[in-house]
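Coordinate inspection notes
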Amino acid sequence: NAGVTQTPKFRILKIGQSMTLQCAQDMNHNYMYWYRQDPGMGLKLIYYSVGAGITDKGEVPNGYNVSRSTTEDFPLRLELAAPSQTSVYFCASTPLGMETQYFGPGTRLLVL
Amino acid sequence: KQEVTQIPAALSVPEGENLVLNCSFTDSAIYNLQWFRQDPGKGLTSLLLIQSSQREQTSGRLNASLDKSSGRSTLYIAASQPGDSATYLCAVRPPGNMLTFGGGTRLMVKP
């Protein structure tokens, strides 16, 4: 299994541009999450999904959107990039009935 | 609102030393507590998970304890090695909610 994969690894955006961060898992996990991690800080939950077609807001959802059309994929959309969205973004997944979260390697985003 | 604090933010020790990392949380109504390891430029790897009814969990040279009433957890690393160098994060899960993370402790073990 590839586990949780994220693309791209690094991206520079200009203010106002849009982009989609991709996340995929091949472990058939029901739960998927998007976090952001600012320098020296812990992770903050942006959005999560308990299964295909079901998403919900986390602690810091403003400026982001998600969709979950399949069990495997959970893309994160930034519509109008702002410097405050400069961060490292992590995707994670958890199987049903379990607590351990499996993380992807992250996407580093710089908004200038 | 649950807040999780980890002290110290950074720690440097010589190889072979036993060490303790601290995690405190403000609301004792948690479902479980987890410790993660994060290597530079990488994602998080789960190390230990302690359910609210448990006092400690062990995995190899790692031992994590939980005192829910005082809002504290410690991660004990025995006989530290340079390969233990990483950032260690703790996270708590309140019932029905998602994880709340601390800011992490950056550990450097010098040969």
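An account of the accompanying structure is given in this report.

Thresholds, definitions, all that
Residues numbered from 1 in each chain as written. Chains lettered and ligands numbered in written order. Predicted model: local features only at pLDDT ≥ 70, side-chain atom pairs only at ≥ 80, totals over all residues. Heavy atoms only, no water. Helix = DSSP H or I, 4+ residues; strand = E, 2+ residues; numbered from the N terminus. Buried < 20%, exposed > 50% of the residue type's maximum accessible area, 1.4 Å probe, protein only. Contact = heavy atoms within 4.5 Å. Areas by Shrake-Rupley, 256 points an atom, 1.4 Å probe, with all protein chains shown as cover. 1 Å grid on protein atoms, 1.4 Å probe; cavity = no way out; pocket = protein on both sides within 12 Å on 5 of 7 lines; lining within 4 Å. Points joined across faces, edges and corners; volume = space filled by probe spheres on them. Pairing = 2+ DSSP bridges. Salt bridge = Lys/Arg side-chain N within 4 Å of Asp/Glu carboxyl O. Buried area = accessible area lost by both parts, 1.4 Å probe. Polar contact = N/O pair within 3.5 Å; in protein donor to acceptor, adjacent residues only side chain to side chain. Nonpolar A, V, L, I, M, F, W, Y, C, P; charged D, E, K, R; others polar.

Another aspect to go through is the overall build of chain A. A count of helices and strands for chain A gives 0 helices and 11 strands. Along the first, second and third principal axes, the C-alpha set of chain A runs to 40 × 25 × 25 Å. Out of the 112 residues in chain A, the part that is buried amounts to 45%. A separation of at least 24 residues holds for 55% of the contacts in chain A among residues at least 6 apart in sequence. Approximately 5,400 Å² of chain A is accessible, and the part contributed by carbon and sulfur atoms is 53%.

Our focus in this paragraph is empty space enclosed by the protein. Gaps between atoms show up when a probe of the same size as a water molecule is rolled over them. All names here are of chain A. Evaluated as defined, the whole model comprises 1 cavity of 30 Å³ or more. Taken as a whole, the largest cavity spans an internal volume of roughly 30 Å³. In terms of lining, the largest cavity is formed by R36, Q37, D38, M41, G42 and K44.

Turning our eyes to something else, we now look at the pairing of strand β11 (residues 107-111) of chain A. Residue and element names in this part refer to chain A. Because side chains alternate across β11, one face comprises the buried residues T107, L109 and V111, and the other comprises R108 and L110, none of which is buried. Pairing analysis gives 4 bridges linking strand β2 (residues 10-13) to β11, with the strands arranged parallel. Paired with I12 across the strands is L110, a residue of β11. Pairing of strand β9 (residues 87-94) with β11 involves 3 bridges; the strand directions are antiparallel. Opposite S87, over in β11, you have L109 as the bridge partner.

Overall, the coordinates contain 7 salt bridges over all chains when judged by the stated rule. Among the ionic pairs, E59(A) bridges to K1(B), the shortest N-O distance being 3.2 Å. Of the two residues, E59(A) is situated in the loop between β6 (54-57) and β7 (64-66) and K1(B) in the segment before β1 (4-7); the pairing between them involves two chains. Among the residues examined, E59(A) registers a relative accessible area of 40% and is labelled partly exposed. The salt bridge partner of R93(B) is E99(A), with a shortest N-O separation of 2.4 Å. Remark: E99(A) occurs in the loop between β9 and β10 (102-103) and R93(B) occurs in strand β9 (residues 86-93); the pair is interchain, linking two chains. The buried category is assigned to E99(A), whose relative accessible area is 19%.

Moving on, we come to the interface of chain A and chain B. Listed per partner, the contact involves 17 residues of chain A and 20 residues of chain B. Considering only the surface of chain A that becomes buried against chain B, L43(A), E99(A) and F103(A) emerge as the three largest contributors, covering 38% of it. There are 2 salt bridges connecting chain A and chain B. At the boundary of chain A with chain B, the tally comes to 4 residue pairs in polar contact (both at pLDDT 80 or more). Of all the elements in the fold, those that place two or more residues in the side of chain A that touches chain B are β4 (31-37) and β5 (43-51) of chain A. In the side of chain A that touches chain B, the residues fall into 9 nonpolar, 6 polar and 2 charged.

Residues and elements named next belong to chain B. Only one face of strand β11 (residues 105-110) is covered, namely the face carrying T105, L107 and V109; the face carrying R106, M108 and K110 is uncovered. The pairing of strand β2 (residues 10-14) with β11 spans 5 bridges and is classified as parallel. Bridging from a neighbouring strand, P14 pairs with K110 of β11. Summarising the sheet, β9 and β11 pair through 3 bridges and their orientation is antiparallel. Note on β11: the bridge partner recorded for A86 is L107.

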